[in-house]
Amino acid sequence: MALQIVDAIMLKLPHVYLNSFIKEGVPYSLYVLFSPDKDLKGSPFSDGIGVENDAALKPASRGVQRCPCFAFDICQSSKSPENGTCKLEKDTVQNLAKRIWISYFEMESVNPEKGVTDVLQKLRTLSTALTVLVNESQEEATSSKLEEDFFDLLHQIMSELKEEDSISTFEFVESGLIKSLVDYLSNGRHIGQEVAHAADHFCTMGKRFEVFGQLLMSCTDPASEKSLILALIQRLQNALSSVENFPVIPSHAYRARNYYATVPSGHCTPYPCLKVQFVREKEDNCLRDYADDIVNVDPFVPLEEIEGYLLPRVRNNKTVNSTLRSEDSKLKDSTCSPSPSDSSTPQGKSAEDIAPMVNVDELQEVKPNLLSSPTNTSSSAQKVMDAAEDSVDQEGHNPLQQEASTSTDSEDTPASLKLYLEGQELNCKSTLYQSILKQQTGTEHDSMSIATLWSRVYKITYGRHATTERIHCKRSHDEATLSLLCEKTFFQYTPYFCRMFISNAEAEELGPSYDVISLLKSLEGINRLRFHLMSRETTRVFAEGRTDDLNKLNSAICEVHQNEFANKKLTEKLEQQMRNPIAASVGAMPSWCALLMNWCPSLFGFEARCKYFHVAALGRLPNHTQSTSHGNNGSGSSGRHQNPRKKILVHRNKILESAAHMMELHSRQKVVLEVEYSEEVGTGLGPTLEFYTLVCHEFQRSGLGMWRDDCLVSLFGLFPRPWSPSSSSIVHSEVIKKFTLLGHIVAKAIQDGRLLDLPFAKAFYKLILGKELSLYDIQSFDPALGRALLEFQAVVERKQYLKSHCEDSSRDVDVLLRNTKIEDMCLDFSLPGYPDYVLVSGPDSKMVNLHNLEEYVALMVDATTKSGIARQVEAFKSGFDQVFPIRHLKVFTEEELERLLCGEHVLWNSDELLDHIKFDHGYTISSPPIANLLEIMKEFDLKQQRAFLQFVTGAPRLPTGGLASLSPNLTIVRKHCSKGIDDDLPSVMTCANYLKLPPYSSKEVMREKLLYAITEGQGSFHLS
């Protein structure tokens, strides 16, 4: 169709569209179509991105010409051949492309191997110049002259790129600028190569990251509506949409019933299993033949789990093998006995079936048997996500393999196995399903019928590794380097850019998209660390004596909205993949989904990441009506697995004690908890939401010793109070227990879809996400302390600068801070506000002066963001991990995590009230009482809005998406009064979000009665 459009346009209007087609790369695309075997040096999907210039990075399947119309045959017709047939004649496409080329584009000026546009030639020249400078910097020490050349060239490049209409996406990609910029930021080693001097290499990266970020933010034209960094982001998004070719695998349909997998563990699955025959390598005499012929393998568990199952069964250890064969026989004899509901739906048990009520105040502890309970069987989604981790952040660990490696000291006993499918070694982090799909899309037989996928027997060959060292247990190069860099206080944002790049194998899988995504990720880091970068620039200017004004350390900096980093095409592909009925597990999706989500989650929209998070962490998609549910009560019509509910009896006067007992009994169980208060009749969603709200308020009480300032309401959010690492008091032990309980509560609220009213500081969310805090983060939760430390750091760097430019290095220099000597401030080495927290040990009190100011700043930062809060943060994470692994939250930013956990800050505006409120049972939109109510709601301030929501729904916040996401919808119904219409108060049904409103005689009366009800009617659930 596209070729026909080009042909028709060029036939009628060649003089109008010829230059536009050339600028957008149409001749290049035509040339590739009819000359597929030609090594086109200037191909927009090769030279411009530059990945295949390195032979080691060229994907094996790039040389294979794939059918352009489909990857898998999803037609169920019995007449379809097994391997499918092409739906288009390739000759027809090639002939048409060649005819269009000959008719309109066969001229020297547009020859893809020679001709380029003037704009493209200019951009290529700039790209080549930047590459030359990067190469020079690697061969010799970086000088001030070379840094000036870098800055001037970068400024020139950015000046060219900010012109909106002058450069096409094709020219931008073809120019090679993307690769050159990535090479510059990564110091020429952006694919994870080993670096001889790792610390110097990453320090150079840090400086360039800083220079590039400051350039992007300082070159913004105030008269322009679009900043320079935003313009570059949008160009990269267009480039990514042009070059990416990640596949979307259509559904392989199957009968909805229970299946049984014997490997890696005997368990029932709601999806089919793959039939596998394990075969020993012929030349490997150190291993035994696998006893069974054909086994059913769970298709969505990581291959390392299959390896862990197989290894002890094929070792030359007769005793172990005999025991395992006996266990395998028992597994074969066991059967799944699904209930009638299991035969039709994967979830088996209806969400309406409620387990007996449990009183959490009873001291008799009930130990849940998670292994024997069908509702708590470990899902394959959980297993897959445990393996689908960012290779930089996680180390592989398999207890079975560890046991195997330590059970014998024989050199002939393998510590791990290699698995092969059709001669190709399999990646242990992938699933068998993913491995099969990858091989099928990389061969000439690009189609696979449904029957073939599930009925075929796959022969997997196993052999031992040449070395007994576990490859995936090694610390990655970046991770080892990071431990060196964390000791440097200068590069406070090093932990971010140290994780910007990935391994060779992962880069190969991303293909031509790798450089584009790397640069996008770098820009996202610049945007998120904009305050750090600009503060560093202000400090440097002060240190060099070019200004004495430190007020710019607190200046506001424009930011790019996080949505700009999301690629619409990739987001839609992920959404489409998750609509696949089999996508109840990450292992059922193509491997690129987990790779990109772990490495660069900002490429996907927030809603898509929420759905992916539910699949990866919780083993299910959220209800289709509420992606981040305010009222997810375990039921739904999505057809996917929903957790059963369990009622819990609690006491209002023992909220924290009830919460602790509840979490002790049920934190590890995949059940949706619902609360009923003792001696009250209300139960279900409303009381449960109110319970979580009350627990949050209890955690904010003064005197607990958990938070800085120790007050009920913190203007800058809740951040852990520092405790000395040597502290072992009873009070501190209680604080640790409370942080563990808080971790339980937060994780369980996310798992059950409940909102919390916890105003955590942004820095605490960063800690939850596993990010490092630095000097620049302190200002976000303690502005006075943060600003003071930044000014102290500026004084330190000014002293260092003066000494470095002084002929006599031993000579003392004097630096003042706001016309005051450091010694005159009378500071000692204790933590401000916590006099018992001594920063240095010793009998004598040590005072701060200009000479030890750098040590003082470092100790203050450490006590405030690291050692002083380390045990509290670890306790929180430990409690969280007992519900589900906290690492799954890393797909979100700090702001997004707050939305997921606490809902919206802005509750509603006047425009959306009519759109998302229902009127029923006696009221319509035109009823006079409704008009009065809407006017009153528009006049509410934030405090009154929160009280109204708590009264009607049980929670003081709305879920992500506002009123539109409230489920059930807020409904206003008429309340029939037994006395006069102005005598009764409004009442509610929180489980249904129902407000029963009498038809008051006037707006003033309604406002008075409503405010009285929402302020005085809290704290109990009774019949209304």
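Throughout this description, residue numbers start from 1 for each chain and increase along the sequence as written. Only residues with pLDDT of at least 70 get local features here, since the model is predicted, and only at 80 or more are side-chain atom pairs given and counted; chain-wide, interface and lining totals rely on the full set of residues. Based on all heavy atoms of the structure, the side-chain values leave hydrogens and waters out of the count.

## Section: the overall build of the protein chain
Going by this rule: For the purposes of this entry, the term helix denotes a DSSP run of H or I that reaches at least four residues, the term strand denotes a run of E that reaches at least two, and both are numbered from the N terminus. Contacts: residue pairs with any heavy atoms within 4.5 Å of one another. Reported accessibility uses the Shrake-Rupley method at a 1.4 Å probe radius. Residues are deemed covered only where the shown protein chains occlude them.
When you go through the protein chain residue by residue, the secondary structure sums to 36 helices and 17 strands. A fraction of 74% describes how many contacts in the protein chain between residues 6 or more apart in sequence connect residues 24 or more apart. Accessible surface, the protein chain: about 46200 Å² in total, of which carbon and sulfur atoms supply 50%.

## Some thoughts on a negative patch on the surface
The criterion, for reference: Only residues whose relative accessible area exceeds 30% and that form no salt bridge enter a patch; like-charged residues are grouped when within 9 Å of one another, and nonpolar side chains (Val, Leu, Ile, Met, Phe, Trp, Tyr) when within 5 Å. Think of a salt bridge as a Lys or Arg side-chain nitrogen and an Asp or Glu carboxyl oxygen that are within 4 Å of each other. Lys and Arg are tallied as positive, Asp and Glu as negative. Neither His nor the chain termini are counted. Charge coordinates come from a single atom per side chain, which is NZ of Lys, CZ of Arg, CG of Asp or CD of Glu. A simple rule labels every residue: compare its accessible area, found with a 1.4 Å probe on the protein chains alone, to the largest value its type can have, and call it buried under 20%, exposed over 50%, or partly exposed in between.
Taken together, the side chains of D812, D814, E823 and D824 make up a negatively charged region of the molecular surface. Exposure remark for D814: the relative accessible area of 52% places this residue in the exposed category.

## Thoughts on the sheet that holds strand β6 (residues 417-421)
Note the cut-off: In this analysis, strands are considered paired if DSSP registers two or more bridges between them. Axis definition: a line fit to C-alpha positions, over the contact stretch in the case of helices; interaxial angles, taken between N-to-C directions, run 0 to 180 degrees.
The sheet built from five strands is open, its strands ordered β4-β3-β8-β6-β7 with mixed pairing. Either end of the sheet is taken by a strand with one partner, and the two such strands are β4 (295-297) and β7 (424-425). Summarising the sheet, β6 and β7 pair through two bridges and their orientation is antiparallel. Counterpart to Y420 in the pairing with β7 is E425. Helix α11 (residues 303-314) contacts β3 (274-280), β4, β6 and β8 (457-464) of the sheet and is inclined by roughly 115° relative to β6.

## Points about the pattern of salt bridges
All chains considered together, the criterion is met by 41 salt bridges. Residue E674 is joined to R645 by a salt bridge in which the shortest nitrogen-to-oxygen separation is 3.3 Å. Here E674, found in strand β10 (residues 672-677), pairs with R645, found in strand β9 (residues 645-650); they are 29 residues apart in sequence, far enough to count as distant. Of the two residues examined, E674 and R645, each falls in the buried class. A salt bridge links R652 to E690, with the nearest nitrogen and oxygen atoms 2.8 Å apart. Highlighted residues: R652 in the loop between β9 and α25 (655-666) and E690 in helix α26 (residues 685-699), separated in sequence by 38 residues. Residue class for R652 comes out partly exposed when judged on its relative accessible area of 24%. One continuous salt-bridge network, built from bridges that share partners, spans E524, R528, K771 and E894.

## Some words on the confidence of the model for the protein chain
For the record, the criterion: pLDDT gives the predictor's per-residue confidence on a scale running from 0 to 100.
Mean pLDDT over the protein chain works out to 77, with 73% of the residues at or above the 70 mark. Here residues 443-448 is modelled with pLDDT under 50, and outside its nearest four sequence neighbours on either side it reaches 25 contacts, counting other chains as well.

## As for helix α22 (residues 568-578)
How we decide: Pairing of N or O atoms within 3.5 Å defines a polar contact, subject to two protein rules: one partner must be a possible hydrogen donor and the other a possible acceptor, and residues neighboring in sequence count only if both atoms are side-chain atoms.
For α22, every residue scored as buried is listed here: L570, T571, K573, L574, E575, Q577 and M578. Here the buried face of α22 lies against α10 (228-243), α23 (591-599) and α24 (606-618). The opening residue of α22, the one whose side-chain oxygen lies 3.1 Å from the backbone nitrogen of K569, is N567.

## What to know about unusual backbone geometry
Following V263, the chain continues into P264 via a peptide bond in cis, with omega recorded as 5°. Within the element layout of this structure, P264 appears in the loop between β1 (259-261) and β2 (267-269). The peptide bond linking S967 to P968 adopts the cis configuration, its omega dihedral lying at 0°. Residue position: P968 is located in the loop between α35 (942-953) and β15 (970-974). For R818, which is not a glycine, the phi torsion comes out positive at approximately 55°. Looking at the element boundaries, R818 is found in the loop between α29 (783-804) and β12 (830-831). Exposure remark for R818: the relative accessible area of 46% places this residue in the partly exposed category. Even without glycine at this site, N993 takes up a positive phi of about 55°. Inspection of the secondary structure assignment puts N993 in the loop between β16 (987-989) and β17 (994-997).

## Section: helix α6 (residues 144-161)
Owing to its 3.6 residues per turn, the α-helix aligns residues three or four sequence positions apart on the same side. Heads up, the rule is: An expected span of 1.5 Å times one less than the residue number is assigned to each helix. What the arc describes is the spread of directions from the helix axis to the C-beta atoms.
With 18 residues, α6 extends 26 Å between its outermost C-alpha atoms, agreeing within 8% with the 26 Å of an ideal straight helix rising 1.5 Å per residue. Turning to α6, its buried residues number three or more, namely L146, F150, L153, L154, I157, M158 and L161. With its buried residues spanning 135° around the axis, α6 presents them on a single face. Exposed positions of α6 whose direction lies more than 90 degrees from the buried face are S144 and K145.

## Examining the environment of I768
Locating I768 in the fold gives a position in helix α28 (residues 762-768). Overall, I768 belongs to the buried group, its relative accessible area being 5%. In this structure the C-alpha to C-alpha distance between I768 and L897, which are 129 residues apart in sequence, comes to 9.4 Å. Residue contacts for I768: discarding those within four places in its chain leaves F760, F876, K877, I886, L889 and L897.

## Quick notes on the sheet that holds β17
The strand order across the open sheet built from four strands is β14-β15-β17-β16, with neighbouring strands paired in mixed fashion. Strands with a single pairing partner mark the edges of an open sheet, and in this sheet they are β14 (917-920) and β16. Within the sheet, the average angular offset between the axes of one strand and its neighbour, ignoring direction, is 25°. Of the pairings in the sheet, the one linking β14 to β15 comprises four bridges and is parallel in character. What sits directly across from F919, in β15, is I972. Helix α34 (residues 928-939) rests against β14, β15 and β17 of the sheet, and its axis sits at about 155° to β14.

## Things to note about a nonpolar patch on the surface
A cluster of nonpolar side chains, contributed by L13, V16 and Y17, occupies part of the molecular surface with about 240 Å² of accessible area. Inspection of the secondary structure assignment puts Y17 in helix α2 (residues 14-23). Assessed through its relative accessible area of 33%, Y17 is described here as partly exposed.

## Topic: the nonpolar core
Stated formally: Residues grouped as a nonpolar core are buried Ala, Val, Leu, Ile, Met, Phe, Trp, Tyr and Cys residues, joined through side-chain atoms within 4.5 Å.
Counting residues in hydrophobic clusters, the biggest one holds 163 residues, and the most contacted among them are F212 and F760. In contact with F212, other than residues within four places in its own chain, are L154, M158, L181, Y184, L185, L232, L523 and I526.

## Overview of the environment of V795
Summarising the element assignment, V795 is placed in helix α29. Spatially, the C-alpha atoms of V795 and L850 are 8.4 Å apart, while their sequence positions differ by 55 residues. Among all residues touching V795, those that are not within four sequence positions of it are F542, V815, L817, L850 and L853.

## Overview of the packing of helix α8 (residues 177-185) against helix α20 (residues 514-528)
Rules: Orientation is classified from the angle alone, with under 35 degrees giving roughly parallel, over 145 giving roughly antiparallel, 65 to 115 giving roughly perpendicular, and any other angle giving oblique. Crossings are assigned a handedness: left-handed for a near helix turned anticlockwise from the far helix by less than a right angle, right-handed for a clockwise turn. Each residue gets one label: Ala, Val, Leu, Ile, Met, Phe, Trp, Tyr, Cys and Pro are nonpolar, Asp, Glu, Lys and Arg are charged, and the others, such as Gly, are polar.
Between α8 and α20, the shortest axis-to-axis distance is 9 Å and the interhelical angle comes to 55°. Considering their axes alone, α8 and α20 lie oblique with respect to each other. As for how α8 packs across α20, the hand of that crossing is left-handed. Two secondary-structure elements touch here, α8 through I178, K179, L181, V182 and L185 and α20 through D515, V516, S518, L519 and S522. The class makeup of the residues in the contact of α8 with α20 is six nonpolar, two polar and two charged.

## Thoughts on the packing of aromatic side chains
To keep it simple, the criterion reads: Only Phe, Tyr and Trp rings take part, Trp by its six-membered ring, and two of them pair if their centres are within 6.5 Å. Stacked means planes under 30 degrees apart, edge-to-face means over 60, and tilted covers everything else.
Summed over the entire model, instances satisfying the criterion amount to 26 aromatic pairs. Ring centres 6.3 Å apart and planes at 40° place the aromatic pair F876 and F880 in the tilted group. Placement of the pair is F876 and F880 together in helix α31 (residues 870-881), with a separation of four residues, close to one helical turn. Like F880, F876 is buried. Within the aromatic cluster, the residues linked to one another by ring pairs are F606, F613, W707, F739, F760, F764, Y765, F876, F880, F884 and F892.

## Some words on the pairing of β6
Counting buried positions over the five residues of β6 gives five, a clear majority of the element. Residues L417, L419 and L421 point to one face of β6 and K418 and Y420 to the other, with burial holding for every one of them. Taken together, the five bridges between β6 and β8 define a ladder with antiparallel strand orientation. Directly across from L421, in β8, lies its bridge partner I460. Counted along the chain from β6 to the antiparallel partner β7, the turn is two residues long, and its residue E422 has a positive phi close to 55°.

## Observations regarding the environment of R536
Looking at the secondary structure, you find R536 in helix α21 (residues 530-543). Since its relative accessible area comes to 2%, R536 is described here as buried. Along the primary structure R536 and Y776 are separated by 240 residues, whereas in three dimensions their C-alpha atoms are 9.4 Å apart.

## Description of the packing of helix α5 (residues 118-139) against α6
The contact between α5 and α6 brings their axes to 11 Å, and the two run at 160°. Relative to α6, α5 is oriented roughly antiparallel. Considering only the axes of α5 and α6, their crossing is left-handed. In contact with K122, L123, L126, A129, L130, L133, V134, E136 and S137 of α5, α6 contributes L146, D149, F150, L153, L154, Q156, I157 and E160.

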